[in-house]
Structures are given as structure tokens and as C-alpha cells.
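# Working through the structure, step by step
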Amino acid sequence: TWGVVVSHLLVTGMHWDRTIRLDGPVWSLLVEMRVSLIFPLLVLYVRRFGWPGVTVALFAAFICAKTAAALGELSPYAADSFAGVLLLTGRYIVLFLLGTIMAARLDWFKSMLFCVSTKVHAATFFGMTLVWLMLAYTEGEYRHQGYSDVFCSVFTMYLIGLCVTFPQISRKLSG
């Protein structure tokens, strides 16, 4: 419909049925576009506050997810109101902050991961995968909103760190 086309052209990210009808992955592009507008401020934030700032951002993202759910904004991909759009963006900003701090401290990350034994990495990966499966496939997909965001942020950061530190893992995951 024309409403779907206009929704895509205006890139508002509002109304789940319109946001994904033409192109499902467009929801992430909307968040990326909004965050790119303030990305220099995020880099300055990480430079100024480092890990404590990212920890505060994790908490803020959790609050955004829980507030959106309390307002009835249950979709992790689109919103039904302007407040929902802001909360949805706030929910995902932490991912960009984690990526920024990881890039800024990549040598430290690599040295930390390199010092850990293969058995510990295997156990960590297996354990985190089990937790992810539990969060993703338990009844009531919105019940874990906020908790799963924080966990998936940390798990993703760990996986990226493994790929950057150990090229053989990157090759296996790429296959």
C-alpha cells in the first residue's frame, strides 16, 4: 500500500506491520541510521568514561527495553509511537558503545582472550550458547526483554573478540 511505501521512505521505524512488509531487515538500518547521527558523541562518551560509561549504558539500555515493554511497545524491531522509537534506539545504542570500546582497546581484549585456555573458551562458549537458547526459545518471547539484550551484547562482544584474536575461529564461523 502507499502507507507502507511512505513509512519506508520516511524511515520512521514505526508500526511493525509497515516496517517489515517490504524489507524485513530494514528495522536494523533504521536504528543504525539514528545512531550514526550521534556516533561522534558516542565515541567521545567512550573516550571520556570508558568501561564505567559502558556499564551505565548497559543499565540504560535495559531500562529502555523495560520501559518500552511497560508502554506496550513489545516488538524488538519497530515501535508504535515516537516515545517507542526513542526507547527502541536507546535499547540498541549500547551495542555501538561496546563496539567502540572494543575497537579502542582491541589489543587489551586480544591479550585477555589469548591468555585463557582453550578449555575455558570452549566451556564459556557452550555455556553462553545454552543461555542464549534458553532466552531465545522459552515461552513468552518478550518476557526476557532487557535481560536478553544485555546478555546478547556481552555474548556478541565475546564472539567478535574470539574471531579477532583467533583467525581459525573466524574461518570456522565464516564457513
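Anything mentioned here points back to the structure above.
The following refers to the structure shown. Every chain begins its residue count from 1, and numbering advances along the sequence as written. Under the rules for a predicted model, residues below a pLDDT of 70 receive no local features and side-chain atom pairs below 80 are neither given nor counted, while totals for whole chains, interfaces and linings still include all residues. Hydrogens and water molecules were not included; the side-chain quantities draw on all heavy atoms of the structure.

### Side note on the packing of helix H5 (residues 106-114) against helix H7 (residues 147-165)
- The contact between H5 and H7 brings their axes to 9 Å, and the two run at 85 degrees. The angle between H5 and H7 places the two elements in the roughly perpendicular class. Along the contact surface, H5 presents Leu-106, Phe-109, Lys-110, Leu-113 and Phe-114, while H7 presents Met-157, Tyr-158, Gly-161, Leu-162, Val-164 and Thr-165.
- Classes in brief: Ala, Val, Leu, Ile, Met, Phe, Trp, Tyr, Cys and Pro nonpolar; Asp, Glu, Lys and Arg charged; the others, Gly included, polar. Considered class by class, the residues forming the contact of H5 with H7 number 8 nonpolar, 2 polar and 1 charged. Axis lines are fitted through C-alpha atoms, for helices just across the contact stretch, and the angle between N-to-C directions can take any value from 0 to 180 degrees. Runs of E in the DSSP output that reach at least two residues are strands. Runs of H or I that reach at least four are helices, and both are numbered from the N terminus. Note on angle classes: values under 35 degrees are labelled roughly parallel, values over 145 roughly antiparallel, values of 65 to 115 roughly perpendicular, and the remainder oblique. We call two residues in contact when some of their heavy atoms are within 4.5 Å.

### Notes on the nonpolar core
- Ranked by size, the top nonpolar core spans 19 residues in total, and within it Val-31, Val-54, Val-94, Leu-97 and Met-157 carry the most contacts.
- Every element with two or more residues in this core is listed here: helix H3 (26-70) and helix H4 (82-104).
- Here this core takes 9 residues from H3, the largest share from any one element.
- Other than its neighbours up to four places away in sequence, Val-54 contacts Tyr-45, Val-46, Val-94, Leu-97, Leu-98 and Ile-101. Take the buried Ala, Val, Leu, Ile, Met, Phe, Trp, Tyr and Cys residues and link them wherever side-chain atoms come within 4.5 Å; each set so joined is a nonpolar core. For every residue, the accessible area obtained with a 1.4 Å probe (protein chains only) is divided by the maximum for its type, and the residue is called buried under 20%, exposed over 50%, and partly exposed between those limits.

### Examining the environment of Leu-58
- With respect to the secondary-structure elements, Leu-58 resides in helix H3.
- Since its relative accessible area comes to 18%, Leu-58 is described here as buried.
- The spatial distance from the C-alpha of Leu-58 to the C-alpha of Arg-91 is 8.7 Å, given a sequence separation of 33 residues.
- Excluding anything up to four places from it in sequence, Leu-58 contacts Val-94, Val-150 and Ser-153.

### Regarding the packing of aromatic side chains
- Two rings from Phe, Tyr or Trp (for Trp, the six-membered ring) form a pair when their centres are within 6.5 Å of each other. A pair whose planes differ by under 30 degrees is stacked, one over 60 is edge-to-face, and the rest are tilted. All told, the structure shown has 8 aromatic pairs when counted by the stated rule.
- Ring centres 5.3 Å apart and planes at 80 degrees place the aromatic pair Trp-108 and Phe-109 in the edge-to-face group.
- A relative accessible area of 44% places Trp-108 in the partly exposed class.
- On the numbers, 5.8 Å between centres and 40 degrees between planes, the contact of Phe-151 with Phe-155 is tilted. Taken together, the residues span about one helical turn, with Phe-151 and Phe-155 both in helix H7 at a distance of 4 residues.
- Taking relative accessible area as the criterion, Phe-151 reaches 17% and is therefore assigned buried.
- Exposure remark for Phe-155: the relative accessible area of 9% places this residue in the buried category.

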